[in-house]
Amino acid sequence: MADVVRLGIGGPVGSGKTRLVESLVPELIRAGLSVAVITNDLVTDEDAQRVRRSGVIDPERVLAVETGACPHTAIREDPSANLAAAQRLCRTFDDLDVILIESGGDNLAATFTSDLVDYWIFVIDTAGGDDIPRKKGIGLLQADLLVVNKIDLAPRVGADLDSMRRDCAVARPVKPTVFTDLNSGQGLAQLTEHVIEGAMLTAGTR
Ligand SMILES: Nc1nc2c(ncn2[C@@H]2O[C@H](COP(=O)(O)OP(=O)(O)OP(=O)(O)O)[C@@H](O)[C@H]2O)c(=O)[nH]1
Ligand SMILES: [Mg+2]
């Protein structure tokens, strides 16, 4: 399992984490990578079922972890259930290059432990309010990549994208931020580039 890159995807409820998984997986497969997915939900396997149904990946490569308690516990304090799921995927698919691990929807303080992931993405959306980057939060500050999703909704919810861009640059002077509309695919190419380069993803690492 040591050679398989584990990629975390966290962020508030409904920001577009599963949509990002559904968008990124085909790009990674196109780049020649062997991919698997783990989703975390509180008491269901709803997101795993959705990714399986999406047709973007062999359904057997998608596992669900039902966290039961606070979503961040399973990605930070006690990642054992996620590590066990990752190990199971590695045993079943011995060519894996990367496992995407979607956290359950959480708050702005959610972070991943480096015991679980090598690289992680924090997803917020414009409908959550354009003041979120100004208010910061540990997830937004520390993630390897910040995704500001649903830019198509900004005019409808009165979110000022320019001020969001400025505040993200202040909050994250070194680490990258990408603005996306994952329903249309806007920003997806840039997002994929950051993930492949940032997580040092190369096909056939095993
Ligand atoms: N307009 C618009 N809608 C989006 C975009 N990305 C996702 N959505 C929609 O937002 C809703 C929530 O997306 P999900 O991907 O389920 O969000 P999530 O973060 O995985 O949600 P939880 O796992 O429940 O926390 C869905 O109805 C998506 O279709 C986007 O860029 N623009
Ligand atoms: Mg989800």
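Just so it is clear, the model here is predicted, and its values are computed rather than measured.

Draft legend 1. Seen up close, the nonpolar core. Membership of the largest hydrophobic core comes to 34 residues, with the highest contact counts inside it found for Ile38, Leu89, Leu96, Ile99 and Phe122. For this core, the elements supplying multiple residues, two or more each, are β2 (35-41), β3 (62-66), α4 (80-92), β4 (98-102), β5 (119-125), β6 (145-149) and α8 (161-171). Residues in contact with Phe122, not counting those within four places in the same chain, are Gly10, Gly11, Pro12, Asn107, Leu108, Ala110, Gly139, Leu140, Ala143, Leu145, Leu146 and Val147. In this structure, Leu20, Leu33, Ile57 and Leu191 belong to the second largest nonpolar core, which totals 29 residues.

Draft legend 2. Representation of the UniProt feature "binding site: GTP" (unreviewed entry) in the chain. Mapped onto this numbering, the UniProt entry gives "binding site: GTP" (unreviewed entry) at Gly11, Pro12, Val13, Gly14, Ser15, Gly16, Lys17 and Thr18. Topologically, Pro12 is positioned in the loop between β1 (5-10) and α1 (17-30). With residues up to four places along the chain from it excluded, the contact list for Pro12 reads Lys17, Gly105, Asp106, Leu108, Phe122, Val123 and Ile124. Counting through the fold element by element, Lys17 comes out in helix α1. In this structure, Lys17 is in contact with Ile9, Gly10, Gly11, Pro12, Glu102, Ser103, Gly104, Gly105 and Val123, ignoring residues within four places of it in sequence. Among the polar contacts made by the side chain of Lys17, one reaches the main-chain carbonyl oxygen of Pro12 at a distance of 2.8 Å.

Draft legend 3. Structural view of the UniProt feature "domain: CobW/HypB/UreG nucleotide-binding" (unreviewed entry) in the chain. Per the UniProt annotation, the sites labelled "domain: CobW/HypB/UreG nucleotide-binding" (unreviewed entry) are residues 7-177. End-to-end, the C-alpha atoms of residues 7-177 are 16 Å apart, and along that stretch the chain is 39% helix and 20% strand.

Draft legend 4. Highlighting the packing of α1 against helix α9 (residues 188-198). Where α1 meets α9, the closest approach of the two axes is 10 Å, and the angle between their N-to-C directions is 70 degrees. In terms of their interaxial angle, α1 and α9 are classed as roughly perpendicular. In terms of crossing hand, the pair formed by α1 and α9 is right-handed. Across the interface between the two elements, Leu20, Ser23, Leu24, Glu27 and Leu28 from α1 touch Leu188, Leu191, Thr192, Val195 and Ile196 from α9. Class assignment of the residues belonging to the contact of α1 with α9 gives a composition of seven nonpolar, two polar and one charged.

About the cut-offs
- Residues numbered from 1 in each chain as written.
- Chains lettered and ligands numbered in written order.
- Predicted model: local features only at pLDDT ≥ 70, side-chain atom pairs only at ≥ 80, totals over all residues.
- Heavy atoms only, no water.
- Core = buried A, V, L, I, M, F, W, Y, C linked by side-chain atoms within 4.5 Å.
- Buried < 20%, exposed > 50% of the residue type's maximum accessible area, 1.4 Å probe, protein only.
- Helix = DSSP H or I, 4+ residues; strand = E, 2+ residues; numbered from the N terminus.
- Contact = heavy atoms within 4.5 Å.
- UniProt positions renumbered as here; feature names shortened; annotations may be inferred.
- Polar contact = N/O pair within 3.5 Å; in protein donor to acceptor, adjacent residues only side chain to side chain.
- Axes fitted to C-alpha atoms, helices over the stretch in contact; angles between N-to-C directions.
- Parallel < 35°, antiparallel > 145°, perpendicular 65-115°, else oblique.
- Left-handed = near helix turned anticlockwise from the far one by under 90°.
- Nonpolar A, V, L, I, M, F, W, Y, C, P; charged D, E, K, R; others polar.

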